[in-house]
Amino acid sequence: MTSTGIPTGTPVGTAIDLNADLGEGFGRWQLTDDEQLLSVVTSANVACGFHAGDPSTMRRVCDLAAGRGVRIGAQVSYRDLAGFGRRAMDVPSDELAAEVAYQIGALEVFARAAGARVAYVKPHGALYNRVVRDEEQARAVVDGVRLADATLPVLGLPGSRFLDVAAQAGLPVVTEAFADRAYTDEGTLVPRGREGAVITRPDDVVERSVGLARSGVVTSHSGRDIAVRARSLCLHGDTPGAVDLARRVRARLEEAGVRVEAFV
């Protein structure tokens, strides 16, 4: 396997993992249709209580995922329930590392109870975007992952400081792409506050998914074709019509000859 999480000798277009952010509720509030999405995706990024999620929700999602053979991933975040983990925060490195390890450990309890294990780690929201460029915060996240389990793969944006630091630390790294998010010419995500940052037309999302999986190319916000080599494709579970869209994406990928399978 290469450092990008793509098996050696495997060209883009033969296989893709579908991941989705799940368990994003709290108490009586539920944002994602976890049960239906788990019938489509191959990897579940489970909220660990810092941006969303609570013990009952984490346990329920782990039970559902394990029962369907879906890989369980810890979606770690800044401690920001009120802002859904999307607000910029400055957290000291040692504190952030401890909080990352804490979130992974909490999810591991419920994954084991369901007969599975936490299989990978993915940052969420503001933390995800921060570690694309911020090496200090990236290193803190990596330190937290290693504290919890030094064999866990991490999922992130191609070319990010996070994946570079993780690879240097000996963690397996897996690249991902977003079919429903606009890209800059540099291959990063257009900030959500900017117009056009989220792709809303279902047909566009479906076709971008196929393009990313088969050729590793996506059209940027400015209209340029850019290379985004990824082993996993993220489908956001909190968008309107998320379940139907996820089903369309998977069906179209399979029609195009792309195997849909977990990366771990």
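Residues numbered from 1 in each chain as written. Predicted model: local features only at pLDDT ≥ 70, side-chain atom pairs only at ≥ 80, totals over all residues. Heavy atoms only, no water.

Remarks on the overall build of the protein
Here is step 1 of the chain: When you go through the protein residue by residue, the secondary structure sums to eight helices and 12 strands.
Here is step 2 of the chain: At 17 Å, the protein has a C-alpha radius of gyration in line with the 18 Å of a compact globule built from 264 residues.
Here is step 3 of the chain: Its C-alpha atoms give the protein principal-axis dimensions of roughly 40 × 40 × 35 Å.
Here is step 4 of the chain: Counting contacts in the protein only where the partners sit at least 6 residues apart, residues at least 24 apart contribute 73% of the total.
Here is step 5 of the chain: Accessible surface, the protein as shown: approximately 11,200 Å² in total, 49% of it carbon and sulfur. (Helix = DSSP H or I, 4+ residues; strand = E, 2+ residues; numbered from the N terminus. Rg over C-alpha atoms; globule rule 2.2 N^0.38 Å. Contact = heavy atoms within 4.5 Å. Areas by Shrake-Rupley, 256 points an atom, 1.4 Å probe, with all protein chains shown as cover.)

Focus: the state of the cysteines
Here is step 1 of the chain: Using the criterion set out here, one finds zero disulfides in the structure.
Here is step 2 of the chain: Its sulfur unpaired, C62 is 8.3 Å from the next cysteine sulfur, which belongs to C48.
Here is step 3 of the chain: For C62, a relative accessible area of 0% translates into the label buried. (Disulfide = S-S within 2.5 Å. Buried < 20%, exposed > 50% of the residue type's maximum accessible area, 1.4 Å probe, protein only.)

With respect to the pairing of strand 6 (residues 118-123)
Here is step 1 of the chain: Among the six residues in strand 6, six count as buried, and that is most of the element.
Here is step 2 of the chain: As judged from the five bridges shared by strand 5 (residues 71-76) and strand 6, these two strands associate in the parallel manner. Note that in strand 6 the partner of G73 across the bridge is Y120.
Here is step 3 of the chain: Read from strand 5 through helix 3 (residues 93-113) to strand 6, the crossover connection turns out right-handed. (Pairing = 2+ DSSP bridges. Right-handed = clockwise from strand over helix to strand, strands pointing away.)

Here's the deal with the layout of surface pockets
Here is step 1 of the chain: The space that makes up the largest pocket amounts to roughly 530 Å³.
Here is step 2 of the chain: Contributing to the lining of the largest pocket are 30 residues, with G125, A126, N129, R181 and L189 lying nearest its centre.
Here is step 3 of the chain: Elements with a minimum of two residues in the lining of the largest pocket: strand 6 and helix 4 (125-133).
Here is step 4 of the chain: In the lining of the largest pocket, the residues fall into 13 nonpolar, eight polar and nine charged.
Here is step 5 of the chain: For the second largest pocket, the calculated volume is near 160 Å³.
Here is step 6 of the chain: Along the walls of the second largest pocket sit D180, V198, I199, T200, P202, V205, T239, P240, G241 and L245, which together make up its complete lining. (1 Å grid on protein atoms, 1.4 Å probe; cavity = no way out; pocket = protein on both sides within 12 Å on 5 of 7 lines; lining within 4 Å. Points joined across faces, edges and corners; volume = space filled by probe spheres on them. Nonpolar A, V, L, I, M, F, W, Y, C, P; charged D, E, K, R; others polar.)

Digging into unusual backbone geometry
Here is step 1 of the chain: Even without being a glycine, F84 presents a positive backbone phi close to 60°.
Here is step 2 of the chain: When you line up the elements, F84 lands in the loop between strand 5 and helix 3.

Let's talk about the packing of helix 7 (residues 202-215) against helix 8 (residues 242-255)
When two helices pack together, their arrangement is given by the angle between the helix axes and by the axis-to-axis distance.
Here is step 1 of the chain: Running from N to C, helix 7 and helix 8 cross one another at 40°; their axes reach a closest spacing of 9 Å. In terms of axis orientation, helix 7 runs oblique to helix 8. In this structure, helix 7 crosses over helix 8, and the sense of that crossing is right-handed. Each of P202, D203, V205, V206, E207, S209, V210 and A213 in helix 7 lies in contact with helix 8, whose residues at this interface are L245, R248, V249, R252 and L253. (Axes fitted to C-alpha atoms, helices over the stretch in contact; angles between N-to-C directions. Parallel < 35°, antiparallel > 145°, perpendicular 65-115°, else oblique. Left-handed = near helix turned anticlockwise from the far one by under 90°.)

Some thoughts on empty space enclosed by the protein
Here is step 1 of the chain: On inspection of all chains with the given rule, the structure shows two cavities of 30 Å³ or more.
Here is step 2 of the chain: Counted as a void, the largest cavity has a volume near 70 Å³.
Here is step 3 of the chain: Taken together, L37, A179, D180, V205, C234, L235, H236, T239, A242, L245 and A246 make up the lining of the largest cavity.
Here is step 4 of the chain: Per element, the largest residue contribution to the lining of the largest cavity is three residues, and it comes from helix 8.
Here is step 5 of the chain: Looking at the lining of the largest cavity, its residues break down into eight nonpolar, two polar and one charged.

Examining the packing of aromatic side chains
Here is step 1 of the chain: In this structure the tally under the stated criterion is three aromatic pairs.
Here is step 2 of the chain: Aromatic side chains Y128 and F178 sit 5.7 Å apart centroid to centroid with 90° between the ring planes, which places their arrangement in the edge-to-face category. Here F178 lies in strand 8 (residues 173-178) and Y128 lies in helix 4, a separation of 50 residues in the sequence.
Here is step 3 of the chain: Taking relative accessible area as the criterion, F178 reaches 3% and is therefore assigned buried. (Phe/Tyr/Trp six-rings, centres within 6.5 Å; stacked < 30°, edge-to-face > 60°.)

Overview of the confidence of the model for the protein
Here is step 1 of the chain: Averaged over all residues, the pLDDT of the protein equals 92, while 95% of them reach at least 70.
Here is step 2 of the chain: pLDDT under 50 marks residues 1-11. Its contacts with residues more than four places away, or in other chains, come to 15 contacts. (pLDDT = per-residue confidence, 0-100.)

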